Amino acid sequence: MKIIAMIPARYEASRFPGKLMKDLDGKPVIVRTYEAAIATALFDEVYVVTDSEIIFKEIEKCGGKAIMSTKEHECGSDRIAEAVENMDVDIVVNVQGDEPFTSKEGLEKVLQVYNGNDAHKIDLASLMTEIHDWEEINDPNCVKVIVDKENFAIYFSRSPIPFQRDEKANVSYYKHKGIYAFRKEALMEFYRLPKGSLEAAEKIECIRYLEYGKNIKMAISNSKGIEIDTPEDLLKANQFLRHGEDYDFSITKERDKKIEPNSMCRNFPMVPKVVFGEGCFTQLAVILDAKRKSNAPFIFLLDDVFENNHAILDKVELKNNDKLLFISTEKEPKTDQIDRMVAELKSEFNLLPSGIIGIGGGSIMDIAKAVAILMTNKGNAADYQGWDLVKNKAIYHVGIPTISGTGSEVSRTTVLNGPVKKLGINSDFTPFDQVILDPKLTKGVPKNQWFYTGMDCFIHCVESLNGTFLNAFSQSYGEKAYELCKEIFLHESLTEEESRAKLMMASWHGGMSIAYSQVGIAHALSYGLSYVLGVKHGIGNCIVFSHLEEYYPEGVALFNEMIVKQQVDIPKNICKDLTEDQFDTMIDVALSLPPLWENALGKEWKSIMTRDKIRSMYSKM
Ligand code: NAD
Ligand code: ZN
């Protein structure tokens with residue numbers, strides 16, 4: 001059986017003129033494609049068939065085989081048909097001129113179908129790949145295909161097919177990849193047949209075969225390719241050549257430049273949409289309706305403290321197959337908890353959800369952010385603890401705080417306890433897409449908890465304002481939040497309603513302040529307590545902070561005044577029965593956060609903050 005590859009190459013491309021002659025790491029795109037096809041060693045011969053003298057000459061120049069097409073053609077198949085008319089070949093594979101990384105795996109798969117028992121029935125073979133993202137499924141530029149039990153194509157469409165009337169039906173979606181292996185007779189027949197009406201309506205060439213009763217066998221391939229459709233694709237392709245096979249195309253351009261986590265000027269994303277005000281929570285249904293993707297559910301994550309709270313539950317409108325999960329926040333969020341949740345959601349729903357909605361305190365905010373990230377990023381949550389390790393955009397996620405102070409609703413991190421450390425997933429994809437700030441939701445918070453979480457905000461400000469990373473951006477937000485905290489926790493003039501609204505904004509400003517700086521000693525030590533003793537963040541910070549007079553004298557003095565004024569209890573002597581091993585682990589966790597120490601004490605922090613020093617501070621708590 002003689003198998004050849006044909007690469008149709010038109011010079012004009014409506015979206016990106018002259019793209020095949022653009023430079024791809026030293027050679028034109030079309031030459032790269034030609035060489036890649038040769039390198040697969042699957043073909044007896046490889047040709048470029050073109051309408052352009054420039055491309056023709058370029059291929060000849062590099063020793064390749066090119067054919068000038070003599071006629072105007074509407075599509076690549078026609079161009080190929082004209083070229084092979086007088087050739088003695090059995091199978092003709094079209095390789096896209098703008099796919100310089102056409103993988104051997106895909107081409108092999110499409111050729112393999114001619115070795116099967118049903119080979120005699122096949123007129124044409126092509127490729128498909130399973131897709132899960134609703135945006136892609138609904139994108140008319142992405143051609144979907146449905147197949148019969150033997151993987152023969154039933155229909156191709158730009159509409160999402162099949163239509164999923166039954167939400168619970170187990171449906172897979174396949175994207176058609178434009179690689180074909182034709183029997184020569186079928187190709188020549190295709191060339192002579194007039195265009196069909198469905199083909200004309202959808203503008204999908206291969207429908208013509210179906211309209212004339214031909215059999216198209218589909219092979220499944222999951223190898224990622226990169227088509228050069230836009231100048232940006234070309235840039236990515238150039239990066240691919242530099243980074244090799246492991247390069248992930250979804251990495252954004254900014255991230256390639258490896259910005260240091262604490263470099264002085266950072267380009268970071270902020271929450272793009274936020275609504276504030278008493279009662280604004282009622283807008284939730286309308287906000288979500290605009291983001292709903294057909295049958296893909298919204299997943300609501302609620303603190304289980306609201307299990308019987310109808311004021312809140314009544315406003316959470318569940319539609320279609322939306323899911324509501326109550327989550328205990330007795331313990332702080334853990335990486336394996338996120339992994340379990342993501343695995344369950346993926347097994348229950350075939351499609352990516354329309355979005356994740358978190359309703360609760362800092363714990364729920366962080367869980368919602370982490371789940372949204374892990375829905376589109378492989379592996380485990382622990383793999384992403386650190387700075388800028390997340391590769392793919394998270395799914396749509398909404399944060400609705402019901403207690404104020406952490407700033408998690410606005411921050412670029414989601415703090416998780418992992419197998420070896422407590423550390424955030426700090427990335428450009430972490431921040432919420434939408435935040436709903438309704439002070440009314442914070443109404444039922446118990447007094448001590450109100451203080452502990454409120455103090456998280458105050459302590460964030462103290463650490464940020466006294467840190468070495470401070471700049472005018474951080475300072476302006478930090479000062480405002482600091483003043484608001486003083487007003488809320490030290491003065492008597494505010495009504496409860498005013499306090500709720502102001503603390504909500506203090507939390508927001510505190511979170512913004514840290515976006516451009518860092519927290520400091522209280523947080524480093526508090527993370528250690530949390531890791532070893534399970535002490536929750538807000539209360540842990542309070543326990544630690546009262547021992548930090550040496551580092552934050554003014555802040556600690558105000559804090560002590562607030563404790564008296566608010567009549568709250570701060571636990572004491574929680575470390576008194578710890579073993580040396582536990583102290584060691586606590587110190588390890590605290591020291592595993594260099595940016596926090598550097599912010600607090602400067603670059604030479606290691607000479608100031610020794611293990612002994614930390615040990616003696618912990619032993620007093
Ligand atoms: P939390 O979310 O654990 O909530 C504290 C308690 O308040 C819980 O028992 C909860 O059930 C209850 N609660 C919340 N809203 C309530 C309401 N309206 N009525 C009655 N009870 C209510 O605690 P938190 O202090 O908000 O958050 C702490 C977590 O946030 C920690 O895990 C910490 O690591 C994280 N954090 C994250 C960031 C970030 O930027 N991502 C920043 C700071 C803290
Ligand atoms: Zn904090």
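Only a predicted model underlies this, so the values are computations on that prediction, with no experimental measurement involved. (Residues numbered from 1 in each chain as written. Chains lettered and ligands numbered in written order. Predicted model: local features only at pLDDT ≥ 70, side-chain atom pairs only at ≥ 80, totals over all residues. Heavy atoms only, no water.)

**Considering the confidence of the model for the protein chain**
Here is step 1: Residue-level pLDDT values for the protein chain average 90, and 95% of them are 70 or greater.
Here is step 2: The low-confidence segment residues 245–262 (pLDDT under 50) makes 34 contacts with residues lying over four places distant or belonging to another chain. (pLDDT = per-residue confidence, 0-100. Contact = heavy atoms within 4.5 Å.)

**Description of the coordination of the zinc ion (ligand 2)**
Octahedral metal centres with six donors ideally show angles of 90 or 180 degrees, and tetrahedral centres with four donors ideally show 109.5 degrees.
Here is step 1: Around the zinc ion (ligand 2), the protein contributes the donor atoms D456 (OD), H460 (NE2), H523 (NE2) and H537 (NE2), at 2.1 to 2.2 Å from the metal centre.
Here is step 2: Coordination at the zinc ion (ligand 2) is irregular: its four donor atoms span angles of 85 to 175° at the metal.
Here is step 3: In terms of primary sequence, the donors binding the zinc ion (ligand 2) are separated according to D-x3-H-x62-H-x13-H. Taken together, the residues D456 in helix α15 (residues 447–465) and H537 in helix α19 (residues 537–545) connect sequence positions 81 residues apart. An identical accessibility class is assigned to D456 and H537; each is buried. (Donors = N, O, S within 2.8 Å, 3.2 Å for Na, K, Ca; no water. Tetrahedral: all angles 85-135°; square planar, octahedral: opposite > 155°, others 65-115°. Helix = DSSP H or I, 4+ residues; strand = E, 2+ residues; numbered from the N terminus. Buried < 20%, exposed > 50% of the residue type's maximum accessible area, 1.4 Å probe, protein only.)

**Let's talk about the nonpolar core**
Here is step 1: Residues F451, F458, L525, F545, L548, W597 and Y618 are the most contacted members of the largest nonpolar core, which totals 64 residues.
Here is step 2: Element by element, the count of residues in this core is highest for α15, at nine residues.
Here is step 3: Formed by 37 residues, the second largest nonpolar core is a distinct cluster that contains V31, V110, L111 and V113. (Core = buried A, V, L, I, M, F, W, Y, C linked by side-chain atoms within 4.5 Å.)

**Things to note about the packing of helix α13 (residues 335–348) against helix α14 (residues 362–374)**
Here is step 1: Packing of α13 against α14 leaves a shortest axis separation of 9 Å and a crossing angle of 55°. Comparing their axes, α14 and α13 come out oblique. Taken as a pair, α13 and α14 cross one another with a handedness that is right-handed. Facing α13, whose interface residues are Q337, I338, M341, V342, L345 and K346, α14 presents I367, A370, V371 and L374.
Here is step 2: Residues belonging to the contact of α13 with α14 are distributed by class as follows: eight nonpolar, one polar and one charged. (Axes fitted to C-alpha atoms, helices over the stretch in contact; angles between N-to-C directions. Parallel < 35°, antiparallel > 145°, perpendicular 65-115°, else oblique. Left-handed = near helix turned anticlockwise from the far one by under 90°. Nonpolar A, V, L, I, M, F, W, Y, C, P; charged D, E, K, R; others polar.)

**A look at the sheet that holds strand β18 (residues 415–417)**
Here is step 1: A sheet is described by the order of its strands in space; here three strands give the open sequence β16-β19-β18, paired in mixed fashion. Strands at the two margins of the open sheet, each flanked by one partner only, are β16 (386–387) and β18.
Here is step 2: Examined bridge by bridge, β18 and strand β19 (residues 422–426) share three bridges and lie antiparallel to one another. Of the residues in β19, the one forming a bridge with L416 is L423. (Pairing = 2+ DSSP bridges.)

**Thoughts on the site of ligand 1**
Here is step 1: Around ligand 1 sit 28 residues in total, of which G362, S363, S411, T453 and K536 are the nearest.
Here is step 2: Taking S363, its side chain carries an N or O atom lying 2.7 Å from an oxygen atom of ligand 1.
Here is step 3: Measuring from an oxygen atom of ligand 1, one finds a side-chain N or O atom of K536 at 2.6 Å.
Here is step 4: When ligand 1 is considered free in solution it has 860 Å² of accessible area, and contact with the protein chains removes 91% of it.
Here is step 5: At the level of secondary structure, the elements contributing two or more residues to the shell around ligand 1 comprise α14 and α15. (Near = heavy atom within 4 Å. Polar contact = N/O pair within 3.5 Å; in protein donor to acceptor, adjacent residues only side chain to side chain. Areas by Shrake-Rupley, 256 points an atom, 1.4 Å probe, with all protein chains shown as cover.)

**Some words on the pattern of salt bridges**
Here is step 1: Scanning all chains against the criterion turns up 29 salt bridges.
Here is step 2: In this structure, the salt-bridge partner of K175 is E136, at a minimum N-O distance of 3.2 Å. One end of the pair, K175, is in strand β10 (residues 173–183); the other, E136, is in helix α5 (residues 134–138), and 39 residues separate them in sequence.
Here is step 3: Residue E492 pairs with K565 through a salt bridge whose shortest N-O separation is 2.2 Å. With E492 in the loop between α16 (472–490) and α17 (496–515) and K565 in helix α20 (residues 553–566), the pair connects residues that are 73 residues apart, well separated along the chain.
Here is step 4: A single network of salt bridges, built from pairs that share partners, joins K2, E45 and K65. (Salt bridge = Lys/Arg side-chain N within 4 Å of Asp/Glu carboxyl O.)

**Quick word on the packing of helix α18 (residues 521–533) against α19**
Here is step 1: Running from N to C, α18 and α19 cross one another at 120°; their axes reach a closest spacing of 8 Å. The orientation of α18 with respect to α19, classified from their angle, is oblique. When you trace α18 past α19, the crossing you get is right-handed. Note on element contacts: α19 touches α18 through H537, G540, N541, I543, V544 and F545, opposite A522, H523, L525, S526, Y527 and L529.
Here is step 2: Here the residues of the contact of α18 with α19 sort into seven nonpolar, five polar and no charged.

**Re unusual backbone geometry**
Here is step 1: The peptide bond linking I161 to P162 adopts the cis configuration, its omega dihedral lying at -5°.
Here is step 2: Residue position: P162 is located in the loop between β9 (153–157) and β10.
Here is step 3: We note that N320 has phi near 45°; this positive angle belongs to a residue other than glycine.
Here is step 4: Locating N320 in the fold gives a position in the loop between α12 (310–313) and β14 (323–327).
Here is step 5: With a relative accessible area of 48%, N320 lands in the partly exposed category.
Here is step 6: The phi angle at Q567 is positive, at roughly 50°, despite the residue not being glycine.

**Digging into the pairing of β10**
Here is step 1: Counting buried positions along β10 yields eight of 11 residues, so the element is predominantly enclosed.
Here is step 2: Two elements, strand β6 (residues 91–94) and β10, share four bridges in a ladder whose sense is antiparallel. Within the sheet, the bridge partner assigned to V93 lies in β10 and is A181.
Here is step 3: Here strand β7 (residues 124–131) runs beside β10; their pairing, made up of eight bridges, is antiparallel. Looking at β10, one finds that I131 is bridged to Y173.
Here is step 4: Pairing between strand β8 (residues 144–147) and β10: two bridges, direction antiparallel. In the strand pairing of β10, K144 is matched with K175.

**Overview of α18**
Here is step 1: Given a rise of 1.5 Å per residue, 13 residues ought to cover 18 Å, and the 18 Å separating the end C-alpha atoms of α18 matches this to within 8%.
Here is step 2: Counting buried positions along α18 gives 10 out of 13 residues, so the element sits mostly inside the fold.
Here is step 3: Taken as a whole, α18 has its buried residues at I521, A522, H523, A524, L525, S526, Y527, G528, L529 and S530. (Expected span 1.5 Å × (residues − 1).)

**Quick look at α16**
Owing to its 3.6 residues per turn, the α-helix brings residues three or four apart onto one side.
Here is step 1: Here α16 contains 19 residues, and its C-alpha end-to-end distance of 26 Å stays within 8% of the 27 Å for a straight helix at 1.5 Å per residue.
Here is step 2: Every buried residue of α16 is accounted for by S474, G478, A481, Y482, L484, C485, K486, I488, F489 and L490.
Here is step 3: For α16, the elements touching its buried residues are α15, α17 and α20.
Here is step 4: For α16, the side-chain oxygen to backbone nitrogen distance between the N-cap and F473 is 3.1 Å, and the N-cap itself is N471.

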